[in-house]
Amino acid sequence: MKTTVSLIKADIGSVAGHSLVAKELLDIAEEKLKEAKETGLIEDFRVFNVGDDLQLLMTHRKGEDNPEIHELAFNTFKEATKKAKEMKLYGAGQDLLSDAFSGNVKGMGPGVAEMEFTERKAEPLIAFAMDKTEPGAFNLPIFKIFADPFNTAGLIIDPSFHSGFIFEIWDIMEHKRVLMRSPEEMYDILALIGSKSTYVIKRVYPKEDHKTLPKDEPVAVVSTEKLYQVAGKYVGKDDPVALVRAQSGLPAVGEVLEAFSFPHLVSGWMRGSHNGPILPVSLKDARCTRFDGPPRCVALGFQVSNAKLIGPVDLFADVAFEYTRMKALEVTEYMRRHGPFEPHRLPREEMEYTTLPEVLEKLKDRFEPVK
Ligand code: F6R
Ligand code: MG
Ligand code: MG
């Protein structure tokens, strides 16, 4: 029997602006998922938060896109929204774009990373969650994990995945996808995913010749919902999540985490309109304060055992990430000094807040041709 892991998240209200999910909401989610575990709908769960995003990690036997599982997540967010509104939390209900559930939470606001797979003898899994950024923020680390031999030694010295991986890449503007092979098409892959606000790695699969893993079961998945497209207007950040399986014929946990040792620049900081470094943090530091950030990432490690979760280990709590954090804070300082200038501020077509049309309208009679 296969196991499905579903990580479904939404920002449905937070304390002190967009900083932190209130304990009352975490308690409601905990209660709802506990009930669902008791009735047998889900096998196991963990509730946590990264900044203002409420995260529901669930294991079950029902496969991806299951209406009952999605409804459970939807109802949990709905109930928590009721409380958030009562408490007048900030942005109460902002990621729930509709009151009525219609079979799947995708397109309704929440972000979803789900994968169904056959459990190996031992199944290490890492759940990643980011705040104040967009799904494309995962492109660089996921590429490094599964395609960069300078990150992942196993690509060179482990015979079981020496032939590489297959990347499923989505064009999130045109709603199209393409499967690409690494390393054969590495330069073409990079040509796409370097443009991270359009091309996003959705899944990674083993190659056909993988010695132990079925080729149709993903080994990594990223949430790719783009809230502002879903809603037709800006209503919050996408704040993506991802699931990555590790070890025994896959990159080791340490190779997966190594990809986060470089605090690369991502977009989505302050008003969804600025670039800043991604800061790998422990759960206790997953609160966005400085200039509403900087953007953060949490990594929780589990063993999945007969669809039960053993863990988490708060992986970025390790002192080994101190240097990355120092570097990220130095970059934070450097980027902030640019104030309203690009490349700290996003190019105008990517900003989620802008006054430019009004400014141009005001100046339209004063602009004159230059000879
Ligand atoms: C929200 C976020 C914040 C807000 C900012 C302005 O996730 O990233 O930076 O965009 O705090 O919020 P409003 O317009 O709600 O005052
Ligand atoms: Mg918020
Ligand atoms: Mg958020």
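Reference entry: report on the structure contained in this document. On a predicted model such as this, the values are computed, not experimentally measured, just so you know. (Residues numbered from 1 in each chain as written. Chains lettered and ligands numbered in written order. Predicted model: local features only at pLDDT ≥ 70, side-chain atom pairs only at ≥ 80, totals over all residues. Heavy atoms only, no water.)

## Examining the coordination of the magnesium ion (ligand 3)
- The magnesium ion (ligand 3) binds to the protein through Asp52 (OD), Asp53 (OD), Asp131 (OD) and Asp239 (OD); the donor distances cover 2.0 to 2.2 Å.
- One chain supplies every donor to the magnesium ion (ligand 3), and in sequence these donors are spaced D-D-x77-D-x107-D.
- Residue Asp52 is classed as buried on the basis of its relative accessible area, which comes to 2%.
- Since its relative accessible area comes to 0%, Asp131 is described here as buried. (Donors = N, O, S within 2.8 Å, 3.2 Å for Na, K, Ca; no water. Buried < 20%, exposed > 50% of the residue type's maximum accessible area, 1.4 Å probe, protein only.)

## Here we look at the packing of helix H1 (residues 23–39) against helix H2 (residues 67–86)
- Two numbers describe how H1 lies on H2: the axes approach to 9 Å, and their chain directions differ by 150°. With respect to H2, the element H1 is oriented roughly antiparallel. For the pair H1 and H2, the crossing hand works out as right-handed. Here H1 contributes Glu24, Leu25, Ile28, Ala29, Lys32, Leu33 and Ala36 to the contact with H2, which in turn contributes Leu72, Asn75, Thr76, Glu79, Ala80, Lys83 and Ala84.
- Taken together, the residues that form the contact of H1 with H2 break down as 8 nonpolar, 2 polar and 4 charged. (Axes fitted to C-alpha atoms, helices over the stretch in contact; angles between N-to-C directions. Helix = DSSP H or I, 4+ residues; strand = E, 2+ residues; numbered from the N terminus. Parallel < 35°, antiparallel > 145°, perpendicular 65-115°, else oblique. Left-handed = near helix turned anticlockwise from the far one by under 90°. Contact = heavy atoms within 4.5 Å. Nonpolar A, V, L, I, M, F, W, Y, C, P; charged D, E, K, R; others polar.)

## Quick word on the pattern of salt bridges
- In the structure shown here, the tally under the stated rule is 26 salt bridges.
- For Glu322, the salt bridge goes to Arg325, with nearest N and O atoms at 3.2 Å. Here Glu322 and its partner Arg325 are both found in helix H9 (residues 322–336), 3 residues apart, which amounts to about one turn of the helix.
- Taken together, the salt bridges that share partners define one network made up of Glu64, Glu168, Arg177 and Arg203. (Salt bridge = Lys/Arg side-chain N within 4 Å of Asp/Glu carboxyl O.)

## Some points on the packing of aromatic side chains
- On inspection of all chains with the given rule, the structure shows 10 aromatic pairs.
- For the pair Phe128 and Phe138, a centre-to-centre distance of 6.2 Å together with 65° between the ring planes defines the contact as edge-to-face. Of the two residues, Phe128 sits in strand E5 (residues 123–131) while Phe138 sits in the loop between E5 and helix H3 (139–147), which places them 10 residues apart along the sequence.
- According to the relative accessible area criterion, Phe138 is buried, its value standing at 1%.
- Centroid distance Phe146 to Phe165: 5.0 Å. Interplanar angle 75°. Geometry classified as edge-to-face. Taken together, the residues span a long stretch of sequence, with Phe146 in helix H3 and Phe165 in strand E6 (residues 165–171) at a distance of 19 residues. Here Phe146 matches Phe165 in class, with each residue buried.
- Aromatic rings pair up to connect Phe128, Phe138, Phe260, Phe316 and Phe321 into one cluster.
- The ring of Phe117 is capped by Arg245, whose NZ or CZ atom sits 4.1 Å from the centre of that ring.
- A cation sits over an aromatic face here: Arg336 above Phe291, 3.6 Å from the ring centre. (Phe/Tyr/Trp six-rings, centres within 6.5 Å; stacked < 30°, edge-to-face > 60°. Lys NZ or Arg CZ within 6 Å of the ring centre and 35° of its normal.)

## Quick notes on the coordination of the magnesium ion (ligand 2)
- Here the magnesium ion (ligand 2) is held by the protein donor atoms Asp11 (OD), His18 (ND1) and Asp52 (OD), which lie 1.9 to 2.2 Å from it.
- Along the chain, the residues that donate to the magnesium ion (ligand 2) are spaced as D-x6-H-x33-D.
- Here the magnesium ion (ligand 2) and the magnesium ion (ligand 3) are spaced 4.8 Å apart, and both take Asp52 as a donor. Of this pair, Asp11 sits in the loop between strand E1 (3–10) and H1 while Asp52 sits in the loop between strand E2 (44–50) and strand E3 (53–60); the two residues are 41 residues apart in sequence, bridging distant segments of the chain.

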